[in-house]
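Remarks on the overall topology
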Amino acid sequence: MEEKNIKKLVIYYSFEGNTKLVAEAMAEAIGADLLQLRPKKELKSTGFSKYLWGGSQVVMKKKPELLPFEVNPRDYDLILIGTPVWAWTYTPPIATLLSTVDFSGKTIGLFSTHGGQNAKTLINMRNQLKNSNIAGEIDFFEPLTKDTGNAIKRAKEWASSL
Ligand SMILES: Cc1cc2nc3c(=O)[nH]c(=O)nc-3n(C[C@H](O)[C@H](O)[C@H](O)COP(=O)(O)O)c2cc1C
């Protein structure tokens, strides 16, 4: 987007910090506000049980209730939406977001972080945003622990290119 005074927002969910890392880099690069999605009930699962818990949430198509937003996404023009990949798709808090906020007419960038299998995550998100202008998509392989510097650079360059 060319205009100087457009309002920019980065919305993300992050369970273990990978998506948060790139979301914050993007927001810093383009001067965007940040909105972290927080489920009212976040299970503090660790070890293998987190996969059972998270995976079952996705399979059951859960849309957990979120804590109130500090900003209204409708007030923004360019909105970047980021998710971890769970069970080959976007996370339940993002399902809540996409089904409760009207993103029609907005310019959207989509990003994900994953453990090597991004699968149809970004396609599935795009399919929920049929009335938005999808300006770009990018994914990252666990940026907290794998090639962090390069991931931050890619995140900043991508956000700046939208
Ligand atoms: C419940 C659960 C399911 C996951 N499913 C996948 C998957 O299908 N494909 C994949 O590549 N990574 C999968 N992962 C790994 C995460 O996508 C990856 O670690 C991601 O960067 C985590 O983001 P976060 O640190 O922001 O929470 C899964 C992780 C969890 C906890």
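Residues numbered from 1 in each chain as written. Predicted model: local features only at pLDDT ≥ 70, side-chain atom pairs only at ≥ 80, totals over all residues. Heavy atoms only, no water.

Read from one edge to the other, the open sheet built from five strands follows the order β2-β1-β3-β4-β5, with strand pairing classed as parallel. Among the strands making up the open sheet, the edge pair consists of β2 (33-36) and β5 (133-141). This sheet shows a mean twist of 15° between the axes of neighbouring strands, independent of strand direction. The strands touched by helix α1 (residues 18-30) within the sheet are β1 (8-12), β2, β3 (78-84), β4 (107-114) and β5, with β1 carrying the most contacts at an inclination of about 175°. (Pairing = 2+ DSSP bridges. Helix = DSSP H or I, 4+ residues; strand = E, 2+ residues; numbered from the N terminus. Axes fitted to C-alpha atoms, helices over the stretch in contact; angles between N-to-C directions. Contact = heavy atoms within 4.5 Å.)

The next subject is the nonpolar core. Of all hydrophobic cores here, the largest spans 25 residues; its most connected members are Ile81, Ile94, Leu97, Leu98 and Phe103. Looking at which element gives the most residues to this core, the answer is helix α3 (residues 92-100), with four residues. When sequence neighbours within four positions are dropped, the list of residues in contact with Leu97 reads Ile11, Leu37, Leu66, Phe69, Ile81 and Phe103. Membership of the second largest hydrophobic core comes to 20 residues, among which are Val22, Ala32, Leu80 and Phe140. (Core = buried A, V, L, I, M, F, W, Y, C linked by side-chain atoms within 4.5 Å. Buried < 20%, exposed > 50% of the residue type's maximum accessible area, 1.4 Å probe, protein only.)

In this section: the pairing of β1. Taken residue by residue, a regular strand's side chains alternate between the two faces of the sheet. For β1, the buried fraction is high: four of the five residues fall into the buried class. Where β1 and β3 come together, five bridges link them in parallel fashion. Paired with Leu9 across the bridge in β3 is Ile79. Note on the crossover from β1 through α1 to β2: the handedness is right-handed. (Right-handed = clockwise from strand over helix to strand, strands pointing away.)

Another aspect to go through is the site of the ligand. Close contacts around the ligand come from 21 residues, with Ser14, Thr19, Val85, Thr113 and Glu142 the closest. For the ligand, an oxygen atom lies 2.8 Å from a polar atom in the backbone of Gly115. A total of 650 Å² of accessible area belongs to the ligand in isolation, and the protein chains cover 92% of it. Contributing elements (two or more residues each) for the shell around the ligand: α1, α2 (49-59) and β4. Each residue belonging to the shell around the ligand can be placed in one class, and the counts come to seven nonpolar, eleven polar and three charged. (Near = heavy atom within 4 Å. Polar contact = N/O pair within 3.5 Å; in protein donor to acceptor, adjacent residues only side chain to side chain. Areas by Shrake-Rupley, 256 points an atom, 1.4 Å probe, with all protein chains shown as cover. Nonpolar A, V, L, I, M, F, W, Y, C, P; charged D, E, K, R; others polar.)

No statement about biological role is implied by the geometric values presented.
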